[in-house]
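Commentary on secondary and tertiary structure
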Amino acid sequence: MRIAITTLGCKVNQADSASIQGALKEKGYEIVPTLRDNPDVCIVNTCAVTAKSDYQSRQMIRKAAKSGAKVIATGCYAQLRSDELTKIKGVNLILGNSQKDRLPEYLDKLSQNNDKPLQVVETPAAPLTLKPYFSDRTRAFLKIQDGCSLSCSYCTVPLARGKNRSLSSQDVLKAVNKFNTDGYKEIVLTGIHIGSYGLDLQPKSDLLEIMHNISNLYPDMRLRLSSIEPQEFKKDLLTLIKEGMICPHLHIPLQSGSDNILKIMNRGYSVSFYKKLIADIISICPDISIGTDIIVGFPGEEDKEFEHTVRLIEELPFSYIHVFPYSKRPDTKAARLPQQVKNSAKKERSKIILDIAINKKNIYISKQLGKKLDVIVEKKDITTGFYRTISDNYLRPLVHANNLILGQRLKIEAISLVNGELFGVPLQSR
């Protein structure tokens, strides 16, 4: 049986899809890259973080159904809106997040002729366990945590993925050992709420401890944190970054530069707290890359609140910014709030933040000229002969060299910047 897997959304979903792929390969199934490869089954791992994500998930499922393949829908949209998916012709199976790990067991059920797709959707609550893993990516995504026990007023993640659950320290180290054996040079530690890692374990652990353990056992492995909440950042992590144990790159969501909006969002920190955190990080690691998320058009965000956000992000040394127009999510507190912002205002505000983001990114990239960067080769552009790489500080320099290998780690010197693209030359291989 030939199976294609399509993934929408976050790095946690990417890790989940890699685990699904690994489990299927262990069972002897053939994995094909796309629908163009005529799969017998297409698995669509959906996302529901915004209304646009919902739409993209439905569109991808319809596309899969039109291809003639049997269709399995899983992921967060399947978890939250399974009844909507039953209305799409050609869907054979709907599995919630709690059933992703058992997906291979359901393949035989696809041969049954049902008037309606089989639905298996339960609240995710099972402990995390070590899963198979297979991916064509040059970096490994290790999900060490899932779920969230907080209650941001706009977010459906606790509904889609359940409460905080962590992978045991022993299983984390087993996974890292396997990735090391398989030749990966970087592991991205990911989770929905990675800063809460280990709080549910017995005995308790935490993110700092597990990163220390990984770094001590595998000092040559490049480690990256996917994202961490401001109030959960431990300054001791900066020691690991400064000593080269963790990539000099942090993604720390801000969401708004207005204390009033942050309070309505139930984010649990203030603007002054966030500013001091960034200042402390820069004082110890001045060259670090810091990215963030901003939500524009949140209910109650008037012009003055938005201006607070603009002034704050102009002041802070971000290297990139992800911008999200607020999207009303069913069954969330924010969806019921008054003072919903017009779509036209969201669009205008998104454009303003995006323009600032482009400028911030260009400033950070220009500061890399003449510096030595630690990169991993991701792919080659056959037309130009350049290799696209990813650096430890989360840039994607182009490197002109002979006979580099995908997944290879090497040092380069950044020598030029052309049309926003950073170019480098190799110094030494690792």
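Above this text is the structure in question.
Residues numbered from 1 in each chain as written. Predicted model: local features only at pLDDT ≥ 70, side-chain atom pairs only at ≥ 80, totals over all residues. Heavy atoms only, no water.

Some thoughts on the overall build of the protein
- Assigned secondary structure in the protein consists of 13 helices and 19 strands.
- Considered along the principal axes of its C-alpha atoms, the protein spans approximately 60 × 60 × 50 Å.
- Relative to its full complement of 430 residues, the protein shows a buried share of 53%.
- Taking contacts inside the protein between residues at least 6 apart in sequence as the whole, the part at least 24 apart equals 71%.
- A distance of 3 Å separates the average location of the 61 positive side-chain charges in the protein from that of its 46 negative side-chain charges. (Helix = DSSP H or I, 4+ residues; strand = E, 2+ residues; numbered from the N terminus. Buried < 20%, exposed > 50% of the residue type's maximum accessible area, 1.4 Å probe, protein only. Contact = heavy atoms within 4.5 Å. Lys, Arg positive; Asp, Glu negative; His and termini not counted. Charge placed at Lys NZ, Arg CZ, Asp CG, Glu CD.)

Topic: the side chain of Arg139
- In this fold, Arg139 is placed in the loop between strand E6 (118-120) and strand E7 (140-143).
- Engagement of the side chain of Arg139 in a polar contact is seen with the side chain of Glu186, the distance being 2.7 Å.
- Apart from the residues within four sequence positions on either side, Arg139 is in contact with Tyr133, Tyr184, Glu186, Val188, Arg224, Glu378, Ile390 and Arg396. (Polar contact = N/O pair within 3.5 Å; in protein donor to acceptor, adjacent residues only side chain to side chain.)

Here's the deal with helix H8 (residues 207-217)
- Inspection of H8 places Leu207, Leu208, Ile210, Met211, Ile214 and Ser215 among the buried residues, and these make up the whole buried set. For H8, the buried positions fall inside an angular range of 165° around the axis, keeping them on one side. Pointing more than 90 degrees away from the buried face of H8 are the exposed residues Asn216 and Leu217.
- For H8, the secondary structure elements touched by its buried residues are helix H7 (169-181), strand E10 (186-190), strand E11 (222-225) and helix H9 (236-242).
- Its side-chain oxygen 3.3 Å from the backbone nitrogen of Leu208, Asp206 forms the N-cap of H8. (Arc of directions from axis to C-beta.)

A few points about the sheet that holds E6
- The strand order E2-E1-E3-E4-E5-E6 describes an open sheet built from six strands, whose pairing is parallel. Sheet topology places strand E2 (30-32) and E6 at the edges, where each strand pairs with a single neighbour. Across the sheet, the mean angle from the axis of one strand to that of its neighbour is 25°, orientation sign disregarded.
- Direction of pairing for strand E5 (residues 91-95) relative to E6: parallel, over a ladder of three bridges. Pairing of Leu93 across the sheet is with Leu118, part of E6.
- Sheet strands touched by helix H1 (residues 11-26): strand E1 (2-7), E2 and strand E3 (41-46). Its angle to E1, the strand with the most contacts, is close to 170°.
- Across the sheet, helix H2 (residues 51-66) is in contact with E1, E3, strand E4 (70-75) and E5; its angle to E3 comes to roughly 180°. (Pairing = 2+ DSSP bridges. Axes fitted to C-alpha atoms, helices over the stretch in contact; angles between N-to-C directions.)

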